[in-house]
Amino acid sequence: DEQARKKELAAKAAVDYVIENEYLGVGTGTTVSFFIAALQQSGKKVKACVSSSDATTRQLLAFGFPVVELNEIQGRIPVYVDGCDEIDANFNMIKGGGAALTGEKIVAQASDKFVCIADDTKLVKQLGAFALPLEVLPKAVEQIKKSMEGIRGVPKVRECITDYGNNIIDVSGLQIQDPLKLEEAINQLPGLVTCGIFAKRGADVLIVGSSDGIKITTK
Ligand code: DER
């Protein structure tokens, strides 16, 4: 379908950013799935991949890539490739649609260059049309739901358990004028594991697939 074609275009273009024989951080989602296949197709060799989720680890191993734990490497990761659910003009993102936001944020934090791959439906003027995912400890679910209602959000617990055994609350109805401010405020909530706003650590390069091809912008 058309959206898949746009994702694949962006994913293929990201292969150029991969540095041979270096560590590579890999995100989660369908756009990343196209990237893993394109990277294998390219024959480029990486030292090893650092994965953001169990699902991505399984896919990387299936495609023959070596995978190492983040704790096993001393330095920084040069490049991290991942998708998003929304991205604004300042490269702030909403992520977590794939329930992998905690692993994604950890590996993104350890990486020097975040290359975001997306189809053009992900581009927004203001974050928040996509319900904001929060990873929360089960014990804190009701309390955090109330906090979100307190800022006029509409929280809904997602039917899933994350790689870390936690819940996801999707919060719709938020008008996110200042992504960084809201990310930092939500981070203070007891029991909050990860906020799906990626503003403190946003993207550095954006590769967008559209029906006219790809567009690459660097922050
Ligand atoms: O969960 C995430 O943040 C992923 O990056 C995911 O939402 C990206 O979605 P995709 O399946 O459209 O690539």
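Residues numbered from 1 in each chain as written. Predicted model: local features only at pLDDT ≥ 70, side-chain atom pairs only at ≥ 80, totals over all residues. Heavy atoms only, no water.

Let's talk about the overall build of the protein chain
Then comes step 1: Secondary structure assignment for the protein chain yields six helices and 13 strands.
Then comes step 2: Its C-alpha atoms give the protein chain a radius of gyration of 17 Å, near enough to 17 Å, the size a compact globule of 219 residues would have.
Then comes step 3: Referenced to the eigenvectors of the C-alpha coordinate spread, the extents of the protein chain come out at roughly 50 × 40 × 30 Å.
Then comes step 4: In the protein chain, which comprises 219 residues, the proportion classed as buried is 53%.
Then comes step 5: By sequence separation, contacts in the protein chain at least 24 residues apart represent 73% of the contacts at least 6 residues apart.
Then comes step 6: Per element, the accessible surface of the protein chain, about 10,300 Å² overall, is 51% carbon and sulfur.
Then comes step 7: In the protein chain, 25 side chains carry a positive charge and 28 a negative one; their mean positions are 2 Å apart. (Helix = DSSP H or I, 4+ residues; strand = E, 2+ residues; numbered from the N terminus. Rg over C-alpha atoms; globule rule 2.2 N^0.38 Å. Buried < 20%, exposed > 50% of the residue type's maximum accessible area, 1.4 Å probe, protein only. Contact = heavy atoms within 4.5 Å. Areas by Shrake-Rupley, 256 points an atom, 1.4 Å probe, with all protein chains shown as cover. Lys, Arg positive; Asp, Glu negative; His and termini not counted. Charge placed at Lys NZ, Arg CZ, Asp CG, Glu CD.)

Here we look at the sheet that holds strand β5 (residues 93-94)
Strand pairing in a sheet relies on backbone hydrogen bonds, with the paired strands running either antiparallel or parallel.
Then comes step 1: Taken together, three strands build an open sheet; the order of strands is β4-β5-β11 and the sheet is antiparallel. On the outer flanks of this sheet lie β4 (86-87) and β11 (197-198), each paired with one strand and no other.
Then comes step 2: Taken together, the two bridges between β4 and β5 define a ladder with antiparallel strand orientation. For Glu86, the partnering residue across the bridge sits in β5 and is Ile94. (Pairing = 2+ DSSP bridges.)

Some words on the site of the ligand
Then comes step 1: Close to the ligand lie 15 residues, the nearest being Lys7, Thr31, Asp85, Gly98 and Lys122.
Then comes step 2: In this structure, Asp85 approaches the ligand through a side-chain N or O atom, which is 2.6 Å from an oxygen atom.
Then comes step 3: In the model, an oxygen atom of the ligand is placed 2.7 Å from a nitrogen or oxygen of the Lys122 side chain.
Then comes step 4: Considering the ligand on its own, with 350 Å² of exposed area, one finds that the protein chains cover 92% of that surface. (Near = heavy atom within 4 Å. Polar contact = N/O pair within 3.5 Å; in protein donor to acceptor, adjacent residues only side chain to side chain.)

A few points about the packing of aromatic side chains
Then comes step 1: A complete count under the given rule lists one aromatic pair for this structure.
Then comes step 2: In this structure, Lys95 packs its charged tip against the face of Phe198, placed 5.5 Å from the ring centre.
Then comes step 3: Looking at Lys105, its charged tip hangs above the ring of Phe198, at a distance of 5.1 Å from the centre. (Phe/Tyr/Trp six-rings, centres within 6.5 Å; stacked < 30°, edge-to-face > 60°. Lys NZ or Arg CZ within 6 Å of the ring centre and 35° of its normal.)

Describing the UniProt feature "active site" (unreviewed entry) in the protein chain
Then comes step 1: When the UniProt feature table is mapped onto this chain, "active site" (unreviewed entry) is found at Glu104.
Then comes step 2: Here Glu104 shows up in helix α4 (residues 101-109).
Then comes step 3: Dropping the residues within four chain positions of it, Glu104 is found in contact with Gly27, Thr28, Ser52, Tyr80, Asp82, Lys95, Gly96 and Phe198. (UniProt positions renumbered as here; feature names shortened; annotations may be inferred.)

Points about the pattern of salt bridges
Then comes step 1: Scanning the model with the defined rule gives eleven salt bridges in all.
Then comes step 2: One salt bridge connects Lys122 with Asp119, and the closest N-O pair in it is separated by 3.8 Å. The same class applies to Lys122 and to Asp119, which are both buried.
Then comes step 3: The salt bridge partner of Lys145 is Glu142, with a shortest N-O separation of 3.4 Å. You can see Lys145 and its partner Glu142 sitting in helix α5 (residues 141-150), three residues apart, about one turn around the helix.
Then comes step 4: Note on Glu142: relative accessible area 45%, which makes it partly exposed.
Then comes step 5: Several salt bridges share partner residues, and in doing so they unite Asp82, Lys95 and Glu104 into one network. (Salt bridge = Lys/Arg side-chain N within 4 Å of Asp/Glu carboxyl O.)

Focus: the side chain of Asn92
Then comes step 1: Tracing the backbone shows Asn92 in the loop between β4 and β5.
Then comes step 2: For Asn92, a relative accessible area of 11% gives the class buried.
Then comes step 3: Beyond its immediate stretch of four places on either side in the chain, Asn92 contacts Glu86, Ile87, Leu127, Pro179, Phe198 and Ala199.

What to know about the sheet that holds strand β6 (residues 111-119)
Then comes step 1: Taken in spatial order, the six strands make up an open sheet running β2-β1-β3-β6-β12-β13, and their pairing is mixed. At either end of the open sheet lies a strand with only one pairing partner, and these are β2 (48-51) and β13 (213-218). Pairs of neighbouring strands in the sheet enclose a mean axial angle of 20 degrees, with direction left out of account.
Then comes step 2: With three bridges joining them, strand β1 (residues 23-26) and strand β3 (residues 77-82) adopt parallel strand pairing. Among the inter-strand pairings, Leu24 is bridged to a residue of β3, identified as Val79.
Then comes step 3: Against the sheet, helix α1 (residues 2-14) makes contact with β3, β6, β12 (205-210) and β13, and its axis sits at roughly 145 degrees relative to β12, the strand it touches most. (Axes fitted to C-alpha atoms, helices over the stretch in contact; angles between N-to-C directions.)

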